[in-house]
Amino acid sequence: MLSKKKNLKKMKKSEREVASTFGSRYFSESIPKYEISEEGMPPRAAYQLIHEELNLDGNPALNLASFVTTWMEPEADKLIMESMGKNFIDNDEYPQTSKIQDRVINMLARLFNAPHECKSIGTSAIGSSEAIMLGLLAHKWTWKNRRKAEGKPYDKPNIVMGADVHTVWEKFALYFDVELRLIPLAKDTYIVTAEEVAKQIDENTICVGTVIGTTFTGQMDPINEINDLLIDIKEKKGWDIPIHVDGASGGFIAPFIYPDLSWDFRLEQVRSINVSGHKYGLVYPGIGWLVFKDKTDLPEELIFKVNYLGGLMPNYSLNFSKGSSTIVAQYYNFLRLGKSGYKDIMENMLQNCRHLAGKLEKSGKFEIINKEVMFPLVAVGLKDADFTVFQLSEKLREKGWIIPAYTLPENAQDVAVLRMVIKENFGRDMVDSLLDDIMEAYEYFEKQKISNHKERENPTLLY
Ligand SMILES: Cc1ncc(COP(=O)(O)O)c(C=O)c1O
C-alpha cells in the first residue's frame with residue numbers, strides 16, 4: 001500500500017486543488033476577465049479569488065461619501081439571504097412578499113401624515129432615482145390629461161426646481177422630454193426660494209420639485225412657503241401644480257426628529273414623496289419608495305397589469321424583475337426598531353455630526369456651510385488656506401477615509417466643500433479619530449507651506 005504522502009504525490013494537480021485553495025493553479029494564473037473559460041473552478045477558489053480582489057475596494061465603514069447603509073443586524077442579514085431567490089415581480093408566486101411591500105407603503109403614508117380621507121398608494125423602487133422618475137411621470141400624465149380635457153395644447157410641459165436637486169431630476173427632464181427650469185442657488189443659502197419658484201411656473205408646469213435634505217449641503221427647501229405660493233396660484237389662476245418632495249435622505253429623519261415640521265402630506269399641494277430605504281431607512285442598497293397622497297395622483301393608464309405570471313398583477317415601475325430581500329429588510333427594520341428605535345438612532349447620528357461640525361468650526365480652519373446641521377451631514381469649506389479641499393480629501397484617503405470634495409451647483413460654483421455623511425455605525429470615537437486625521441492632514445499642508453516659503457526665502461536650499 002502506498003503511504004499517504006506518496007498517494008498525494010500521485011494525485012493529479014486538479015485533484016490536489018480541492019485540498020488547498022491557495023496551492024491551486026488558479027492562484028498562479030491570471031483569472032478570466034474577457035471570456036468565460038471552458039472549464040470552471042472549485043467554489044472555494046472562485047470565492048477566494050474574488051474576495052481577495054474586492055479588498056482593493058474602499059472600506060464601507062470609512063466611506064463618508066455615501067448615504068447608503070453599510071451595516072444591518074444579523075437577523076436582517078438572515079432574512080435577506082432567505083429572500084434572495086424570490087423575484088419580487090412574481091406576485092402570484094410570492095404573494096406574502098407583495099403584502100409586505102404594501103404594509104411598508106401604508107406605514108410610510110402614515111409616517112408622512114397622509115390625511116385619513118386619502119387612499120394613499122405607492123411602490124417600491126430600486127432607489128430614490130427610480131421613485132422620483134415614476135413620481136414625476138405620473139404628474140406629467142395628470143397634467144397632460146387635464147390639458148386634453150380642457151382642449152388646450154399639451155406639447156410643452158415644464159418642471160421647476162432649484163439647482164440643489166439631485167442629478168436624477170435633470171435626468172427625468174431629459175429622458176421624458178420635459179423642459180427643465182432649474183433655478184440657480186441663492187447665494188449663501190444653497191436652497192431655492194418661493195419667490196424664485198413664482199417667477200418660473202406657468203400653466204404648463206407639471207410639478208415643482210423640492211428637497212428635504214439636499215445632496216450637496218443637507219439643507220431643506222422652504223416647502224411650506226412653496227405650498228402657500230401654489231395654493232395662492234391655484235385660487236387666483238386655476239393652475240393646480242403639485243409638489244413632489246424628494247425625501248431621499250430627509251424623509252426618514254424629519255418624521256422622527258422634527259415631527260412638527262410641515263414638509264409632507266400635511267401640505268395641500270404635496271402629492272408625492274420619495275424616500276430611500278437604503279439611506280436613513282437603514283437597509284442595504286437598493287431600495288427606494290414612492291408614495292402618492294391619493295390614488296387619484298397616479299393615472300390609471302400608467303399602471304400595467306400583466307397576467308402571464310399567474311393572477312393579474314398591477315405594476316408601476318421602470319424595470320420588471322427585481323429582488324425581494326431589501327423590501328423584506330425594510331419591514332424588518334420597522335418591526336424591529338419601531339418609531340422610538342429610529343428616533344434613537346437618528347438622534348445619535350445627529351449628535352455625532354454636530355460634534356464633528358462644532359469641533360471643525362472651533363478649530364478656526366473650517367467654515368460650516370450648512371450652519372444648522374439639521375440632518376446628519378456636514379459640508380465644510382476651508383478658511384484662508386493655501387491648499388484646497390480636493391488636496392485634503394486626497395490626503396485623507398491615505399488613512400482610508402473616503403470624503404468627497406466638490407464644488408456647489410450653479411451660482412455657487414466658487415464654493416468648494418468637503419462633505420461628510422454620518423451613519424448609524426459611526427460612533428463618537430470614530431468621529432474623534434476622523435477629526436484627529438483631518439487636523440493632521442491640515443497640518444501637513446501647513447508645514448509644506450512653511451517649507452516652500454523657506455525655500456523661496458533661501459533659494460540655495462534648492463540645490
Ligand atoms: C436628495 C437626493 N435625491 C435623490 C438621490 C438619488 O437616490 P438613489 O441613490 O436612492 O437613487 C439622492 C442620492 O444621494 C439624493 O441625495
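**Q** For this particular structure, what's the right way to read the overall build of the chain?
**A** For the chain, the helix and strand inventory stands at 13 helices and 13 strands. Taking all contacts inside the chain whose residues are at least 6 apart in sequence as the whole, residues at least 24 apart take part in 70%.

**Q** Would you mind going over the sheet that holds strand S5 (residues 243-246) with me for this structure?
**A** Within a sheet, each strand pairs with its neighbour through backbone hydrogen bonds, oriented either parallel or antiparallel. With mixed pairing, seven strands are arranged side by side in an open sheet as S1-S7-S6-S5-S4-S2-S3. Two strands lie at the open edges of the sheet, namely strand S1 (121-125) and strand S3 (179-183), each paired on one side alone. Between one strand and the next, the sheet's axes are offset by a mean angle of 20°, whatever the strand orientation. Pairing of strand S6 (residues 270-276) with strand S7 (residues 288-292) involves five bridges; the strand directions are antiparallel. Among the inter-strand pairings, Val-275 is bridged to a residue of S7, identified as Trp-289. Helix-sheet contacts for helix H5 (residues 95-111) involve S1, S6 and S7, and the interaxial angle to S7 is about 60°.

**Q** Can you walk me through the site of the ligand in this structure?
**A** Lining the immediate surroundings of the ligand are 14 residues, of which Gly-127, Ser-128, Ser-129, His-166 and Ala-248 lie closest. Per-class residue counts for the shell around the ligand are four nonpolar, nine polar and one charged.

**Q** Looking at this model, I keep getting lost on the packing of helix H4 (residues 74-83) against helix H11 (residues 325-362). Mind explaining?
**A** To characterise two packed helices, one gives the angle between the axes of the helices and the distance between these axes. Viewed as axis vectors pointing N to C, H4 and H11 meet at an angle of 150°, and their least axial separation amounts to 8 Å. When the axes of H4 and H11 are compared, the pair comes out roughly antiparallel. In this structure, H4 crosses over H11, and the sense of that crossing is right-handed. On the side of H4, the interface is formed by Glu-75, Ala-76, Leu-79, Ile-80 and Ser-83, while H11 contributes Ser-325, Val-328, Ala-329 and Tyr-332. Class assignment of the residues belonging to the contact of H4 with H11 gives a composition of six nonpolar, two polar and one charged.

**Q** Hey, could you run me through the environment of Leu-111 in this one?
**A** Relative to the helices and strands, Leu-111 resides in helix H5. By C-beta crowding, Leu-111 is classed as buried, having 22 other C-beta atoms within 10 Å. As a C-alpha pair, Leu-111 and Val-291 span 180 residues in sequence and 11 Å in three-dimensional space.

**Q** Any chance you could explain unusual backbone geometry here in plain terms?
**A** A negative phi angle characterises most non-glycine residues, just as the trans form characterises most peptide bonds. Here Pro-285 and Gly-286 are connected by a cis peptide whose omega angle stands at 0°. With respect to the helices, strands and loops of the structure, Gly-286 is situated in the loop between S6 and S7. For Asn-113, which is not glycine, the phi torsion reads 60° and is therefore positive. Secondary-structure assignment places Asn-113 in the loop between H5 and S1. For Asn-113, a count of 16 C-beta atoms within 10 Å corresponds to the partly exposed category. Its identity as a non-glycine residue notwithstanding, Leu-282 has a phi of 65°, on the positive side. The topology assignment puts Leu-282 in the loop between S6 and S7. Residue Leu-282 is classed as buried on the basis of its C-beta count, with 26 C-beta atoms lying within 10 Å.

**Q** Got a minute to help me understand the environment of Lys-78 in this structure?
**A** On the secondary structure map, Lys-78 appears in helix H4. We classify Lys-78 as exposed; it has 12 C-beta atoms within 10 Å. As for Lys-78 and Gly-213, which are separated by 135 residues in sequence, their C-alpha atoms are 31 Å apart.

**Q** What am I meant to see in helix H6 (residues 128-149) here?
**A** In an α-helix there are 3.6 residues to a turn, and that puts residues three or four apart on one side. For H6, with 22 residues, the first-to-last C-alpha span of 31 Å sits near the 32 Å given by 1.5 Å per residue. Just beyond H6, the residue with positive phi is Gly-151, at close to 70°.

**Q** Help me out: how do you make sense of the sheet that holds strand S13 (residues 416-421) in this one?
**A** Read across the sheet, four strands follow the order S10-S11-S13-S12 without closing on themselves; strand pairing throughout is antiparallel. This sheet does not close on itself; its edge strands, each paired only once, are strand S10 (366-368) and strand S12 (405-407). Across the sheet, the mean angle separating the axes of adjacent strands is 40° when strand polarity is ignored. Relative to S13, strand S11 (residues 377-382) is paired through four bridges, and the arrangement is antiparallel. Bridging across to S13, Val-380 finds its partner in Leu-418.

**Q** Can you help me understand the packing of H6 against helix H7 (residues 167-175) in this one?
**A** Look at H6 against H7: their axes get within 10 Å of each other, and the N-to-C directions meet at 45°. Accordingly, the angle class assigned to the pair H6 and H7 is oblique. Crossing angle aside, the handedness with which H6 passes H7 is right-handed. Every residue of H7 that contacts H6 at Ser-129, Ile-132, Met-133 and Leu-136 is listed here: Val-168, Trp-169 and Phe-172.

**Q** Please explain the nonpolar core as it appears in this structure.
**A** In summary, soluble globular proteins display a tendency toward joint burial of nonpolar side chains. Grouped together as the largest cluster of nonpolar side chains are 114 residues, with contacts concentrated most on Val-208 and Val-378. Looking at this core, the element that brings in the most residues is H11, giving 13 residues. Residue assignment places this core across two domains, with domain 2 (77-333) and domain 3 (343-459) each supplying three or more. Non-local contacts of Val-378, meaning those with residues more than four positions away in its chain, are made with Cys-353, Leu-356, Ala-357, Ile-368, Asn-370, Val-373 and Met-420.

**Q** Where do I start with the pairing of S13 in this structure?
**A** Moving residue by residue along a regular strand, the side chains alternate between the two faces of the sheet. The buried fraction of S13 is high, at five of six residues. Relative to S13, S12 runs antiparallel, the two being bridged by three bridges. Bridge pairing in S13 places Thr-407 opposite Ala-416.

**Q** Explain the pairing of S5 here, please?
**A** Side chains Ile-243 and Val-245 project from S5 onto one buried face, and the interleaved His-244 and Asp-246 project onto a second face that is buried too. Across four bridges, strand S4 (residues 205-211) lies against S5 in parallel orientation. By the bridge assignment for S5, Gly-209 is matched with His-244. For the crossover from S4 across helix H9 (residues 223-237) to S5, the handedness is right-handed. As paired elements, S5 and S6 share four bridges and run parallel to each other.

Procedures and definitions
Residues take numbers from 1 onward in each chain, read along the sequence in its written order. Per-residue local features of the predicted model are confined to residues with pLDDT of at least 70, and side-chain atom pairs are confined, for both listing and counting, to 80 or more; whole-chain, interface and lining totals are unaffected and use all residues. Going along the chain from the N terminus, every DSSP run of H or I of four or more residues is numbered as a helix, and every run of E of two or more is numbered as a strand. Whether two residues are in contact depends on their C-beta atoms, placed from the backbone: they are in contact if these lie within 7 Å. Note on pairing: DSSP must find at least two bridges between two strands before they are called paired. What counts as an axis is a line fitted to C-alpha atoms, over the stretch in contact for a helix, and the angles between N-to-C directions run from 0 to 180 degrees. Nearness here is judged by the C-beta atom: place it from the backbone, and if it falls within 6 Å of a molecule or strand, the residue counts as near that partner. Gly is placed with the polar residues, together with every amino acid not listed as nonpolar (Ala, Val, Leu, Ile, Met, Phe, Trp, Tyr, Cys and Pro) or charged (Asp, Glu, Lys and Arg). Roughly parallel means an angle under 35 degrees; roughly antiparallel means over 145; roughly perpendicular covers 65 to 115; every other angle is labelled oblique. In this scheme, a crossing is called left-handed if the near helix is turned counterclockwise away from the far one by less than a right angle; it is called right-handed if the turn is clockwise. Here the C-beta atoms are placed from the backbone, and a residue counts as buried if at least 20 other C-beta atoms lie within 10 Å of its own, exposed if 12 or fewer do, and partly exposed otherwise. Given a helix with a known number of residues, its expected span is that number minus one, times 1.5 Å. Throughout this description, the term nonpolar core refers to a group of buried Ala, Val, Leu, Ile, Met, Phe, Trp, Tyr and Cys residues whose C-beta atoms join them within 7 Å. What counts as a domain boundary in this text is fixed by an automatic or database domain assignment. Here, the term right-handed applies to a crossover whose path from the first strand over the helix to the second runs clockwise when the strands point away from the viewer.

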